[in-house]
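# Analysis of the macromolecular model
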Amino acid sequence: MRIFTAALATETNSFSPICIDRRAFEESLYAPPGMHPATPTLCTAPITVGRNICREKGWTLIEGTAAWADPAGLINRDAYESLRDEILAQLKAALPVDAVILGLHGAMIANGYLDPEGDFLERIRALIGPDILLCAELDPHSHLTQRRVNATDVLVVFKEFPHTDFVERAEDLWRIAIDTLEGRVKPAMSVFDCRMIDVFPTSREPMRSFVDKLKRIEAEDPDILSLSVIHGFMAGDVPDMGTKILAVTNASPEKGAALARELGLELFAKRGTFMVPQLDEREAITTALATPGSPVVIADVWDNPGGGTAGDSTVILEELLARGIENVAIGLIWDPVAVQICMAAGEGAEIPLRFGAKSAPGTGHPIDARVTVKRLKRQAEMRFGASIAPFGDAAHVHFRGIDVVLGSVRVQSYDPSLFTALDIDPLQKRLLVIKSTNHFHAAFSRIAADIVYCSAGRPYPNDPKVTPYRHARRDIWPIVDHPHGSD
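What you see is a predicted model, and the numbers here were worked out from it, not measured in a lab. (Residues numbered from 1 in each chain as written. Predicted model: local features only at pLDDT ≥ 70, side-chain atom pairs only at ≥ 80, totals over all residues. Heavy atoms only, no water.)

To continue, consider the packing of helix H2 (residues 45-57) against helix H6 (residues 166-181). At a closest axis distance of 9 Å, the pairing of H2 and H6 adopts a crossing angle of 45 degrees. The angle between H2 and H6 falls in the class oblique. Of the two possible hands of crossing, H2 and H6 adopt the one that is right-handed. Taken together, the residues of H6 that come into contact with H2 (itself represented by Ala45, Pro46, Val49, Gly50, Ile53, Cys54 and Lys57) are Phe166, Val167, Ala170, Glu171, Trp174 and Ile178. When the residues that make up the contact of H2 with H6 are grouped by side-chain class, the tally is 10 nonpolar, 1 polar and 2 charged. (Axes fitted to C-alpha atoms, helices over the stretch in contact; angles between N-to-C directions. Helix = DSSP H or I, 4+ residues; strand = E, 2+ residues; numbered from the N terminus. Parallel < 35°, antiparallel > 145°, perpendicular 65-115°, else oblique. Left-handed = near helix turned anticlockwise from the far one by under 90°. Contact = heavy atoms within 4.5 Å. Nonpolar A, V, L, I, M, F, W, Y, C, P; charged D, E, K, R; others polar.)

Right, dumping it as structure tokens:
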């Protein structure tokens with residue numbers, strides 16, 4: 001067997017002021033054929049898993065380019081088209097192939113393309129013809145369009161949020177692909193539109209039990225090859241925004257459709273109960289200080305670069321400074337200019353520094369302080385499960401009892417190694433302030449005395465009822481109360 005694999009992925013927040021060009025992909029991950037590292041990034045696990053499988057089976061794996069950019073705003077048209085065409089040319093040169101297995105995200109928006117993945121998949125289908133297997137792994141914070149379903153044979157989606165299972169789901173995708181190529185199954189996809197948009201952390205109920213139920217059905221019913229929830233991405237202003245259930249069956253599309261509907265209505269019945277309650281910055285700090293033990297984590301959930309924001313909000317930091325609270329570490333604040341100034345000053349320097357809150361309204365005010373540059377690091381990295389997340393040149397600055405990690409590449413706060421990379425011991429801090437909606441939970445929950453979720457400022461469009469969409473559909477909850485008719 002000859003299998004072609006590649007990856008092209010990012011997540012587009014239509015309301016983010018940070019645009020994505022080709023350099024943004026190169027800063028996060030750009031790996032030409034055969035150059036992908038041994039560890040996967042979030043959306044490139046089909047490549048690394050495929051290497052092992054094809055080696056074991058004696059199949060030929062032809063690797064195309066892998067490109068991933070940390071989430072932000074609109075993708076530059078030339079950046080998308082050049083990466084797309086680069087991979088298409090590699091596929092054309094590799095023909096004939098028996099299958100194409102891709103790593104995608106599913107929430108890209110480029111200038112001139114509301115559905116880049118649909119465009120990409122249709123072009124691949126046109127190259128390989130109707131009978132060659134075409135599969136992809138997706139992030140659940142994506143938009144499942146009919147174009148994508150029509151172009152592909154199998155789509156598998158991460159089940160967990162935080163996305164700790166991207167390798168396991170890539171293994172599921174490859175298992176289905178192998179069984180298809182060897183004639184044991186004939187996959188059929190069925191989709192149910194839940195007509196809702198919500199946030200579904202699997203680290204808490206009720207989503208934890210729902211995902212466990214999906215896994216149980218997959219294990220017990222041989223007709224069910226895969227079950228997925230497309231959470232949707234509320235910051236993506238596209239016509240197909242919203243939550244959907246995807247069932248992949250062995251030649252049983254009617255059974256898949258019935259099951260997807262049943263599961264989708266069950267999910268819809270619990271709408272509005274999934275997300276952790278959030279406090280404003282004043283309440284969050286008061287609650288954290290009243291909590292016994294340390295460190296207490298305050299999650300700045302909406303200033304999350306993983307959702308396309310800049311990650312430079314200072315709202316919580318301003319409140320900490322106003323109260324004179326010390327023994328706090330904050331990370332990551334994105335400010336490449338401030339990092340450059342610190343790099344020029346050198347470790348141990350005491351300098352006046354302005355940082356943060358440069359990106360957009362609703363993110364607080366720039367901080368002006370006399371800081372000590374405690375630690376500098378070129379090309380800093382933190383862990384994210386089995387993966388590595390770079391945050392570029394970074395600086396650890398200290399002032400008024402507070403340690404701040406400044407980074408030059410936008411990325412959310414996945415893991416305490418964010419702090420240890422800059423010689424900050426998170427276990428010695430009273431409070432840790434991080435920027436992430438839920439991906440932080442798996443790692444930080446291991447060290448946290450407690451976690452407080454904070455909604456500070458408004459860097460992210462987190463209320464669909466008032467978000468000024470131009471393209472998104474209007475027939476979903478909570479934009480309308482009863483999209484399925486009477487409850």
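Now that the structure has been shown, the text picks up again.
Here, UniProt's "domain: Microcystin LR degradation protein MlrC N-terminal" (unreviewed entry) annotation points to residues 2-288. Strand forms 20% of residues 2-288 and helix 39%; the C-alpha atoms that close the span are 55 Å apart. (UniProt positions renumbered as here; feature names shortened; annotations may be inferred.)

According to the stated counting rule, one finds 40 salt bridges in the structure shown. Arg148 is the partner of Asp115 in a salt bridge, and the nearest nitrogen-oxygen pair spans 2.7 Å. With Asp115 in the loop between strand S4 (99-104) and helix H4 (116-128) and Arg148 in helix H5 (residues 146-151), this residue pair connects regions lying 33 residues apart in the sequence. Judged by its relative accessible area of 8%, Asp115 falls in the buried class. On the accessibility criterion, Arg148 (2% relative accessible area) is buried. Across the salt bridge formed by Arg323 and Glu319, the nearest N and O atoms sit 3.0 Å from each other. On the criterion of helical spacing, the pair formed by Arg323 and Glu319 is a turn pair, its members being 4 residues apart in helix H10 (residues 315-323). (Salt bridge = Lys/Arg side-chain N within 4 Å of Asp/Glu carboxyl O. Buried < 20%, exposed > 50% of the residue type's maximum accessible area, 1.4 Å probe, protein only.)

As recorded in UniProt, the feature "domain: Microcystin LR degradation protein MlrC C-terminal" (unreviewed entry) lies at residues 298-471. A distance of 34 Å separates the end C-alpha atoms of residues 298-471, which is 16% helix and 36% strand.

What follows deals with unusual backbone geometry. Of all residues except glycine, most have a negative phi; of all peptide bonds, most are trans. Across the junction of Phe161 and Pro162, the peptide omega takes the value 20 degrees, indicating a cis bond. A positive phi angle, near 55 degrees, is found at Ala357, a position not held by glycine. Here Ala357 lies in the loop between strand S12 (350-355) and strand S13 (367-384). Owing to a relative accessible area of 11%, Ala357 belongs among the buried residues under this scheme. The backbone phi angle of Arg400 is positive, close to 50 degrees, even though this residue is not glycine.

Here we take up helix H8 (residues 253-269). Its 17 residues place the ends of H8 24 Å apart at the C-alpha level, agreeing with the 24 Å of an ideal helix rising 1.5 Å per residue. Restricting attention to buried positions, one finds in H8 the residues Gly256, Leu259, Ala260, Leu263, Gly264, Leu267 and Phe268. In a view along the axis of H8, the buried residues occupy a sector of 170 degrees, so they form one face of it. Facing away from the buried side of H8, by more than 90 degrees, are the exposed residues Glu254 and Ala269. On the buried face of H8, the contacting elements are strand S7 (187-193), helix H7 (207-220), strand S8 (224-230) and strand S9 (244-250). (Expected span 1.5 Å × (residues − 1). Arc of directions from axis to C-beta.)

Tallied over the full model, the rule gives 0 disulfides. With no disulfide of its own, Cys54 lies 12 Å from the sulfur of Cys135, the closest cysteine sulfur. Residue classification places Cys54 among the buried residues on the basis of a relative accessible area of 2%. (Disulfide = S-S within 2.5 Å.)

This next bit is on helix H9 (residues 281-289). For H9, every residue scored as buried is listed here: Glu281, Ala284, Ile285 and Ala288. The buried residues of H9 all sit within an arc of 95 degrees when viewed along its axis, so they share a single face.

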